[in-house]
Amino acid sequence: MGVNLWFALSMSVAVAAPFAKGESETWWAFRPLRDYSTPKASEWAKTPIDSYIEYELKQSQLVPNPVADRRDFIRRVSYDLLGLPPSAELVTSFEADESLNVEERLIDRLLASPHFGEQWGRHWLDVVRFGESRGFEVNPLIENAWPFRDYIIRSFNDDKPYDHLVREHLAGDVIGAGDPEIEVGTGFLVAGPDDLVGNQDPKAQAQIRANTLDDIVGATSSAFLGLTVSCARCHDHKFDPIEQADYYRMQATFAGVHHGERVVATEGEVALYEQNRAPILKEQEYWQRRLAEEEKHILDSVELPKSFLLPRPSHYGTEDRFDPVMAKSVRLTVHNSELNASSPAGSKVDEIEVWTEGREPRNVALEAEVRATSKIAVDNPAAYGPQWVNDGKFGQHWITDGNAVLTLTWGEPVRVSRVLLSSDRPRNLDPTHGERRFIGDYRLDVSLDGMSWTPVTRVNDRPPVSDAHARQRRLRLAMNPQSAKALREIGSKLAQARARLRAIPAPKIAWAGVFSQPATPAYLMKRGDPAQRGAEIAPASLTTLQSTTARYSLPLEAPEAERRRALAEWIVQTDNPLTPRVLANRLWYYHFGTGIVDTPSDFGHMGGKPSHPQLLDFLATRLYAYQWHMKPLHRLILTSAVYQQSSERRKEALSVDAQARLLWRFPPRRLRGEEVRDTLLMATGQLDKQQGGPGFRLYKYLRDNVATYVPLERPGAETYRRAVYHQNARAAPVDVLSDFDAPDCALVTPRRVTTTTPLQALTLMNHGFLLDQAALFAQILFGRTPTEQVREAFSRAFQRQPEEDELRGGLDLLEAHGAEAFCRVLLNANELIYLD
């Protein structure tokens, strides 16, 4: 019997039907790791890996390809490890080096590069669904998620043991309390989308919370265990031995996890921060008391009337009538908003009408030019600018900022006698709705020349919106030059103290989750419905692996931190066969384009079958031997003959194994979206290799009640960093990256798809970014002879010199169309974005 017999038997049992109880022992992924004897191999084999590959090739009467040429190999391994092309000088040196172990030295050099973590960190960020916006309808940016991204890159560069990474992802705040380099690892738990929309209905709130926890359960089980535990949310898993109770055991583990930011700093950093703040806080409190005393003194001198001539301002329509007056302009000054007595910021106005006197009055506001003396309160003037206040329609608003003055000016003087304001003329919102943000106190003035203004309303004609508004109104009414000066002086001192407080460097705050003890025990939700309560469920390990992996179970009221730490320890304990298999398979996938199991996050019944099951176990056991360090396993794979063979197509082999699953050749590939963009910037000499810190944006970010992301047509030099540092927002495609299949970070992406679309060709030919890069490329070539220009361009783009026919074609193109067109052609070449 061959070495595949045990695997064939296990598959024959499970393929016929979904799992029954007890069948976990027969499914290949749940069996203990086995240390197989390495099959005999020919001289072709360089490592034990090759022995397993060659054995399977022989079963199909296939032979491997010859070794790849030096240029193909160095490009392959450079992109594989760094996501960047090698320099032309390095390629030339490597091709000429005939010393022993030259490939091994190159691999060691690349593994030690700081760019290694950028490439392999990007892979991991796909797996853990890392995004920098909150998703769902509102989808605002998260401005402090980037420390987790930098932590991932640093961890891969430092070759942090994988078991440490798992512990830090699930319980970094517990095992590394006070160490920000470890605490930030819990950003994994809250790296997914977060529903901010909210709902007043308790049932809907419970459902939203359950959905949030489902994201964490799903990401954890798929990333570390290769299991689809979320499929057991409503019932026992239909295909894998995962009970519904298992799902809720894991949900109970994360019941105290909430999306949010927290301080991730050392105790010393926090203490120093508080020490520096203490004297300034005392000073601030002193000036706040002085301000309150001065305001009380002023307020004691004035009272508001007991009754008012007009009602409070109404969102549905607030009308001011006054004696007819000739005017060419009306000015609205907003003192405060309905929600904030101290500032007009955030007030909404959907329409202003200015009516003439007479038997046939007309709304002259419709004819007026609108001018606002201040910015709007949001960064989307097209959606919320002052142009909407006189369009004759309702629904769209002018939203004010902290200095809200708006003027309407028309052609000829007319006699006007009333003004009508509103923020919700169609009455879409009930009186209790939180979005009813109208103006509070305001004043209307008219003018004939735009210089001399006459008031036509009095603030005290209407009652204040609230006690706070009444207080502010009294201050304005009682103010005299002496009291105004006193308030300005105190306000200046208070502002200075606040400015000094802001200037003190604060401890780092990161989007790394907020943790609290659950108020009630978790329970099984029948049919996945939070309203249908089942039995209470305690945090515990999955029963799926109970025949191979020691279980744990905690009390219902177990401390929140202990729950996450226990799960992390269970995932990485040495009798858990899934964790090392899943990790080894992920590494293989990124090196060869397809995993030994071609569903990297699903090792269950509905996932793929291993093409080389013994090899997978061999690689998994190597991880134990390397104490979970990944770089030695990378090196083992990269130094193998199967990795170093050519990608040459052979007709007879294609007829047997068209997809090269048995690896008779190295699978060629197209560059990923990030690699395409980074390569373009490298070729043109523009890539900024600055590492870490806040990311850049390839979109214009517009924020009002929802976020909008508008892709940039001509991104500037500030965006010329590596794509891993792009501030990726959910549901926000960006040019080049999205065109070349960079995934939406709303979901986990254990493997990327590769599409071929007309849009990709159009992007490379016509997008503003590509046109700019072609122009910058041409500038590099300036001052050289035409032949030198062609040679230098080929060297930069392809790390080789042109063939004779390519040289002649390049010279002809240069002469006919110039350097920019020539560079544009090279940036569109398949050779630039495909690897053999």
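Regarding the packing of aromatic side chains
Part 1: Per the counting criterion, the structure on display carries 26 aromatic pairs.
Part 2: Relative to Phe-148, the ring of Phe-130 has its centre 5.8 Å away and its plane inclined at 40°; by these criteria the two rings are tilted. With a gap of 18 residues between them, Phe-130 in the loop between α6 (115-127) and α7 (146-157) and Phe-148 in helix α7 connect regions that are remote in the sequence. Comparing Phe-130 with Phe-148, the two get one shared label, buried.

Brief notes about the side chain of Thr-548
Part 1: Here Thr-548 lies in the loop between β14 (533-537) and α16 (560-572).
Part 2: Taking the relative accessible area as the measure of exposure, Thr-548 reaches 18% and is therefore buried.
Part 3: A polar atom in the side chain of Thr-548 sits 3.2 Å from the side chain of Thr-549.
Part 4: Those residues within four positions of Thr-548 in sequence are excluded, and the remaining contacts are Phe-30, Arg-31, Pro-32, Asp-575 and Pro-577.

Some points on the pairing of strand β16 (residues 699-703)
Part 1: Relative to strand β17 (residues 707-711), β16 runs antiparallel, the two being bridged by five bridges. Across the sheet, residue Tyr-701 finds its bridge partner in β17, namely Tyr-709.
Part 2: Linking two consecutive strands that pair antiparallel, namely β16 and β17, is a turn of three residues.

Looking at helix α18 (residues 613-625)
Part 1: The terminal C-alpha atoms of α18 lie 19 Å apart, and with 13 residues this matches the ideal 18 Å at 1.5 Å per residue to within 8%.
Part 2: The buried fraction of α18 is high, at 10 of 13 residues.
Part 3: For α18, the set of buried residues is Pro-613, Gln-614, Leu-615, Leu-616, Asp-617, Phe-618, Leu-619, Ala-620, Thr-621 and Leu-623.
Part 4: Gln-627 sits one or two positions beyond α18 and adopts a positive phi of about 55°.

A few points about the packing of α7 against helix α8 (residues 162-175)
Part 1: Where α7 contacts α8, the two axes come as close as 12 Å, and the packing angle between them is 165°. As judged from the angle between their axes, α7 and α8 are roughly antiparallel. The element α7 and its partner α8 pack so that their crossing is right-handed. Mapping the contact onto sequence places Phe-148, Tyr-151, Ile-152 and Ser-155 in α7 and Leu-165, Glu-168 and His-169 in α8.
Part 2: Looking at the contact of α7 with α8 residue by residue, the classes come out as four nonpolar, two polar and one charged.

The rules we used
- Residues numbered from 1 in each chain as written.
- Predicted model: local features only at pLDDT ≥ 70, side-chain atom pairs only at ≥ 80, totals over all residues.
- Heavy atoms only, no water.
- Phe/Tyr/Trp six-rings, centres within 6.5 Å; stacked < 30°, edge-to-face > 60°.
- Helix = DSSP H or I, 4+ residues; strand = E, 2+ residues; numbered from the N terminus.
- Buried < 20%, exposed > 50% of the residue type's maximum accessible area, 1.4 Å probe, protein only.
- Polar contact = N/O pair within 3.5 Å; in protein donor to acceptor, adjacent residues only side chain to side chain.
- Contact = heavy atoms within 4.5 Å.
- Pairing = 2+ DSSP bridges.
- Expected span 1.5 Å × (residues − 1).
- Axes fitted to C-alpha atoms, helices over the stretch in contact; angles between N-to-C directions.
- Parallel < 35°, antiparallel > 145°, perpendicular 65-115°, else oblique.
- Left-handed = near helix turned anticlockwise from the far one by under 90°.
- Nonpolar A, V, L, I, M, F, W, Y, C, P; charged D, E, K, R; others polar.

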